[in-house]
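# Understanding the architecture of this molecule
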Amino acid sequence: MTATLPDTGRRPVDRRYAWKTTVSSFLGNTLEYYDFLVYGTAAAVVFPDVFFPEADGFVGTLSAFGTFAVGFLARPLGGMFFGRRGDTRGRKSTLMTTLLLMGVSTILIGLLPSYHQIGIWAPVLLVLLRLIQGFAVGGEWGGSMIIVLETAPPDRRGFFTAWPNTGGFSAQILITSVFAYVYTLDDDELESWGWRIPFLLSAVLLVVTFWMRRSLHESHVFTEASKATEAARAKGDSAVPARNPLRAIFVDDWRNLLLIIGLRFAEALPYFLLTVFALSYGSDTLGLEKSVMSDAILVAAVLSFAAHGLFATVSDRVGRRPVYLFGAVVVFVMAFPFFAMLRSGETLLIVLGYVLVLNVGHNAINAVQPAFFAELFPADRRYTGAAAGREIASIFAGGLTPFVATALAGPDGARWSWVALYVMGGAVLTVIAVWKAPETYRRDLTATGTTVR
């Protein structure tokens, strides 16, 4: 049973405010990805020596990537906690909370003493801050995408929500630029203070995003959904019990949660494989210059903005499913060719491999994902459903990728074909999920679902 919010569908769209909301969410997601990816880059380059110096090279890298994965374990908890809060107390106030937690935890990582200074407490505190960081990030993505979705013109929801989701690539540009300087330091400078610079610079993004987000107002879809539910409850409507969106998504929307898990594999696997695992594999196993890998990521990051705009626009015209399916097929087809290009050692081929996998495959999925996931859920549990579903999936499809890929490739990296098969398997799961998923691009966002106690 559903209810439609009164007059919401006829509300005029303030495009200027829609863009303001989009820019604010873009900055928030840039900070989110910056915080998470700067950790991944540091884990590949310097954390084995700073926090796990007593382990040999391979074990130290596995340990560093293990702490990278720990952050993803906290993300579903954050998605459920902040999702429920966002559906019951509002999108804006929840996003302010996630932003502060996320930014402060990253800054504190940059201030941590090393293993040589405080011993075992260094990796312990690293894991603790990583958990807090992951908990906050779990609620950031869903809320920032949804507040844009509920503000955008109805026929351009895919286009507007795609821009905040380029935060991973804008963050990658920042990280690549910062590490370009960090890489010029000698080993002693890098391990003592150089690695801290990227973490401490996140304070700039935190301040700017906090200032912009303060001026936003609450989503009208949330406001009117709350009013409609309260009005129905006041009339004694038994179909609208006390709202418990967290319980509702597991009872009423469990199929959508399973779909989201499947839909994430072809997006998250190649992204973290190319931006985290490939950094250590390329330099440590293949002997490639770090600058070659950084340049390839930088080219793909710059091209991602045009790619997101293109794929999102197409999804607003033909639907989410066809574009999503196209991206998953490209990821499947490119798994082995990418490693062939990477192992060639030729800069142009490596850059081409990154462009094909990320800009053609991954970007087609990533551009559509925010609108697609959020449109699967009714207004009164949209934040909870989209955030919890995406972050539960992030454990299997994202956080474990560098760790699993490193273990599959082996100490000498000779089993790279296993890593390619790993990516292909994930793409197959996504193709199946797309086939099972409903089309959502014309759904009414103002519909509310009956929730359970």
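Treat the numbers as computed from the prediction; the structure is a model and nothing was measured.

Another point: the packing of helix 4 (residues 91–110) against helix 6 (residues 121–149). Interaxial distance between helix 4 and helix 6 falls to 8 Å at its minimum, and their mutual angle equals 150°. As judged from the angle between their axes, helix 4 and helix 6 are roughly antiparallel. Remark: the crossing between helix 4 and helix 6 carries left-handed chirality. For the pair helix 4 and helix 6, contact is made by Arg-91, Leu-95, Thr-98, Leu-99, Leu-101, Met-102, Ser-105, Thr-106, Leu-108 and Ile-109 and by Leu-126, Leu-129, Ile-132, Gln-133, Ala-136, Val-137, Gly-139, Glu-140, Gly-143, Ser-144, Ile-146 and Ile-147, respectively. Looking at the contact of helix 4 with helix 6 residue by residue, the class counts come to 13 nonpolar, 7 polar and 2 charged.

Structurally, the position occupied by Arg-85 is in helix 3 (residues 57–89). Buried within the structure, Arg-85 lacks any salt-bridge partner; Glu-218 is the closest side chain of opposite charge, at an N-O distance of 7.9 Å. Polar side-chain contacts of Arg-85 include one of 3.0 Å to the side chain of Ser-93. If sequence neighbours within four positions are ignored, Arg-85 has contacts with Gly-90, Ser-93, Thr-94 and Thr-97.

With 29 residues, helix 6 should cover 42 Å at 1.5 Å per step; its first-to-last C-alpha distance of 43 Å lies within 8% of that length. Within helix 6, 21 of the 29 residues are buried, leaving the element largely enclosed by the surrounding structure.

A word on the pattern of salt bridges. Here the structure, examined in full by the defined rule, presents 13 salt bridges. Between Glu-32 and Arg-75 there is a salt bridge, and its shortest N-O distance comes to 3.7 Å. Of this pair, Glu-32 sits in helix 1 (residues 15–45) while Arg-75 sits in helix 3; the two residues are 43 residues apart in sequence, bridging distant segments of the chain. Summarising the burial analysis for this pair, Glu-32 and Arg-75 share the class buried. Residue Asp-316 pairs with Arg-320 through a salt bridge whose shortest N-O separation is 2.9 Å. Where salt bridges share partners, they join Glu-32, Arg-75, Arg-390 and Glu-391 into one cluster.

Another aspect to go through is the nonpolar core. In this structure, Phe-47, Phe-339 and Tyr-354 are the most contacted members of the largest nonpolar core, which totals 109 residues. In terms of residue count, helix 14 (residues 254–285) provides more of this core than any other element does, 18 residues in total. Counting residues in each nonpolar core, the second largest holds 16 residues, with Ile-146, Leu-149, Ala-152 and Tyr-383 among its members.

One can find Asp-253 in the loop between helix 13 (245–251) and helix 14. Since its relative accessible area comes to 7%, Asp-253 is described here as buried. When the C-alpha positions of Asp-253 and Arg-381 are compared, they lie 9.7 Å apart, and in sequence the two are 128 residues distant. When sequence neighbours within four positions are dropped, the list of residues in contact with Asp-253 reads Ala-248, Phe-377 and Arg-381.

Right, let's get into the confidence of the model for the protein. Residues of the protein with pLDDT of at least 70 account for 87%, and the chain-wide mean is 83. In this model, residues 1–10 is a region of pLDDT below 50 whose contacts with residues beyond four sequence positions or in other chains number 23 contacts.

If you check which residues of helix 19 (residues 401–409) are buried, you get Thr-401, Pro-402, Ala-405, Thr-406 and Ala-409. The arc that holds the buried residues of helix 19, viewed along the axis, is 125°, so those residues lie on one side. A positive phi of about 85° marks Gly-410, the residue just after helix 19.

Okay, the packing of helix 14 against helix 20 (residues 416–436) next. Between helix 14 and helix 20, the shortest axis-to-axis distance is 6 Å and the interhelical angle comes to 155°. Classified by the interaxial angle, the pair formed by helix 14 and helix 20 is roughly antiparallel. The two elements helix 14 and helix 20 meet at a crossing, and its hand is left-handed. Contacts between helix 14 and helix 20 involve Leu-259, Gly-262, Leu-263, Arg-264, Phe-265, Ala-266, Leu-269, Leu-273, Phe-277 and Tyr-281 from the former and Trp-416, Val-419, Tyr-422, Val-423, Gly-426, Ala-427, Leu-429, Thr-430, Ala-433, Val-434 and Lys-436 from the latter. Looking at the contact of helix 14 with helix 20 residue by residue, the classes come out as 16 nonpolar, 3 polar and 2 charged.

As a further point, take a negative patch on the surface. Among the surface-exposed residues, Asp-49, Asp-186, Asp-187, Asp-188 and Glu-191 lie close enough to one another that they form a single negatively charged patch. The leading source of residues in the negative patch is helix 9 (residues 187–194), at 3 residues. Checked against the element boundaries, Asp-188 lands in helix 9.

What follows covers the side chain of Asn-359. Take Asn-359: it is sitting in helix 17 (residues 347–375). Take Asn-359: its relative accessible area is 5%, and that puts it in the buried class. Polar contacts involving the side chain of Asn-359 include one to the main-chain carbonyl oxygen of Ala-300, which spans 2.8 Å. In terms of polar contacts, Asn-359 uses its side chain to reach the side chain of Asn-363, at 3.0 Å. Once residues within four sequence positions are removed from consideration, Asn-359 is found in contact with Ala-300, Leu-303, Ser-304, Ala-307, Phe-311, Tyr-354 and Ala-364.

This part takes up the packing of aromatic side chains. The description of two aromatic rings rests on the distance between their centres and on the angle between their planes. Tallied over the entire structure, the rule returns 18 aromatic pairs. Pairing Trp-19 with Phe-160 gives two aromatic rings, centres 4.7 Å apart and planes at 45°, and the pair type is tilted. Residue Trp-19 is located in helix 1, and its partner Phe-160 is located in helix 7 (residues 157–162); the two are separated by 141 residues in the primary sequence. An aromatic cluster of three or more residues is present, and its members are Phe-277, Tyr-281, Phe-336, Phe-338, Phe-339, Tyr-354 and Trp-416.

Calculation criteria
Residues numbered from 1 in each chain as written. Predicted model: local features only at pLDDT ≥ 70, side-chain atom pairs only at ≥ 80, totals over all residues. Heavy atoms only, no water. Axes fitted to C-alpha atoms, helices over the stretch in contact; angles between N-to-C directions. Helix = DSSP H or I, 4+ residues; strand = E, 2+ residues; numbered from the N terminus. Parallel < 35°, antiparallel > 145°, perpendicular 65-115°, else oblique. Left-handed = near helix turned anticlockwise from the far one by under 90°. Contact = heavy atoms within 4.5 Å. Nonpolar A, V, L, I, M, F, W, Y, C, P; charged D, E, K, R; others polar. Buried < 20%, exposed > 50% of the residue type's maximum accessible area, 1.4 Å probe, protein only. Lys, Arg positive; Asp, Glu negative; His and termini not counted. Salt bridge = Lys/Arg side-chain N within 4 Å of Asp/Glu carboxyl O. Polar contact = N/O pair within 3.5 Å; in protein donor to acceptor, adjacent residues only side chain to side chain. Expected span 1.5 Å × (residues − 1). Core = buried A, V, L, I, M, F, W, Y, C linked by side-chain atoms within 4.5 Å. pLDDT = per-residue confidence, 0-100. Arc of directions from axis to C-beta. Patch = residues over 30% accessible without salt bridge, like charges linked within 9 Å, V, L, I, M, F, W, Y side chains within 5 Å. Areas by Shrake-Rupley, 256 points an atom, 1.4 Å probe, with all protein chains shown as cover. Charge placed at Lys NZ, Arg CZ, Asp CG, Glu CD. Phe/Tyr/Trp six-rings, centres within 6.5 Å; stacked < 30°, edge-to-face > 60°.

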